[in-house]
Amino acid sequence: MSHKRIPKRKAAMAVGGVVALGAAAILLPNANASQDGASDGVAAAPKTLKAGDASDLATRLAGTLGDAYAGAWYDGEDKQLVVNVVRGENTMALKVRSAGAEVRWVDNSMTELEAGAGTLKSEATIPGTSWAVDPRTNKILVTADSTVTGDKWDQLESTVENLGSGMATLKKSAGTFRTFASGGDAIFAGGARCSLGFNVTAGDGSPAFLTAGHCAAAGDQWSDQQGGEPIATVDQALFPGAGDFALLTYDDPATEAPSEVNVGGQTVPIVQAAEATVGQQVFRMGSTTGLADGQVLGLNATVNYPEGTVTGLIQTDVCAEPGDSGGSLFTQDGLAIGLTSGGSGDCTVGGETFFQPVTTALEAVGATLGDGGAGAGGQAGGQEQGAGQDAGDGEAGADDQAGAGDQAGAGDQADGQDAGTGQDGAGGQDGTGTGSGRHSGQDSGLSRTH
């Protein structure tokens, strides 16, 4: 993503060299959109939908069906919306079919599933656990990381069992849930590195950007180079609690902040923010691991980090590592979906990663993105694109947030103007400045290495 300021002379030069992303094969051709769970009992002819349109349709049907609605997901292979309807609600099933979605009969209502999640919150809020409703199984997916052992595991397992048969699935993760603070483009403060999420326009019309809220503990002022002069200051931040997001405003009001994601020598124009849909194919960009893809697994997820509980997140199977915190989660057609929060695993073995919904963050901070607001200097979101720009903006400081010591140390940042979004020596988890390096050069396409 074009996460940083672009001097006007550079922007003018860069426009002509931009390679537009079009076909799906350009953006990770090995992207996976497998689905499970087909409808039964209803002969239908569902419409072919884009993921964004499916999300809008799911929202409308949720309001129409009321208690008969039990979640929905996007079938990426057939490009159809599948809607769960509680058994016996035949009239409601006809409404789903008439709207162009596929019907799947289920036993657990959304009210019952949400009540189960409430029980988990009151009886099993244990660091290293998470839960979210999985509409594809019609159950609550409960995950425990490697730190949940002994009495804590027994407590969690007992709580899940007491929810009743067929209400929840308990899964063990080999990794440890943590925020991925360290490192689209890199931003630096207080010896920590994070990633810029999306350029936005603040409520007062000034240029700004979103990143993860937990990054804000490292400092109020952020630079686009390790040890460099500050370019942005924290305006608002939230972590933990009902989200993990921060708004930073550029110190120079003339900063040009295009609405796009830099994916290593190419840019994806970001046209607007959108809600995530389970089953949707998504892409993540971060300053440690570059570009990665996967699927949305759950919505409104609760994650119990060591620093505290965060609610309302998106659960995915997209990998991430320290330094990727705050980075962009987006779709191939330019929808801004989320900001990297944390999770477990890495980009070698995989794992779970959770994201702050962009729509929620924008509403909370009063900012606009893409078509919702033009960038500074009269530059509408995504209209001008810079090739291989330097690393962008950063995170900010706030009380009661993850300490900077838990964030990865900064490595030696390659000059993005000549080397794409390359970065050598991605920071280690304890701020040692060691870890896995990666470089995504101008000629490397959209591949990444570890």
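See the structure above.
Residues numbered from 1 in each chain as written. Predicted model: local features only at pLDDT ≥ 70, side-chain atom pairs only at ≥ 80, totals over all residues. Heavy atoms only, no water.

### As for the packing of helix H2 (residues 51-65) against helix H3 (residues 90-99)
In step 1: Where H2 contacts H3, the axes come no closer than 11 Å and their chain directions differ by 155 degrees. The angle between H2 and H3 falls in the class roughly antiparallel. Handedness of the H2/H3 crossing: right-handed. Between H2, through Leu57, Leu61, Thr64 and Leu65, and H3, the contact on the second element is made entirely by Met92, Lys95, Val96 and Ala99.
In step 2: Partitioned by chemical class, the residues of the contact of H2 with H3 number six nonpolar, one polar and one charged. (Axes fitted to C-alpha atoms, helices over the stretch in contact; angles between N-to-C directions. Helix = DSSP H or I, 4+ residues; strand = E, 2+ residues; numbered from the N terminus. Parallel < 35°, antiparallel > 145°, perpendicular 65-115°, else oblique. Left-handed = near helix turned anticlockwise from the far one by under 90°. Contact = heavy atoms within 4.5 Å. Nonpolar A, V, L, I, M, F, W, Y, C, P; charged D, E, K, R; others polar.)

### Brief notes about the pattern of salt bridges
In step 1: Evaluation of the coordinates by the stated rule reveals four salt bridges.
In step 2: Across the pair Asp107 and Arg87 runs a salt bridge whose closest N-O atoms are separated by 2.8 Å. Of this pair, Asp107 sits in the loop between strand S3 (102-106) and helix H4 (110-123) while Arg87 sits in the loop between strand S2 (80-86) and H3; the two residues are 20 residues apart in sequence, bridging distant segments of the chain.
In step 3: Taking the relative accessible area as the measure of exposure, Asp107 reaches 56% and is therefore exposed.
In step 4: Taking the shortest distance from any N to any O, the salt bridge between Arg284 and Asp324 comes out at 3.6 Å. Here Asp324 lies in the loop between strand S20 (308-316) and strand S21 (328-330) and Arg284 lies in strand S18 (residues 281-286), a separation of 40 residues in the sequence. Both residues of the pair, Arg284 and Asp324, count as buried. (Salt bridge = Lys/Arg side-chain N within 4 Å of Asp/Glu carboxyl O. Buried < 20%, exposed > 50% of the residue type's maximum accessible area, 1.4 Å probe, protein only.)

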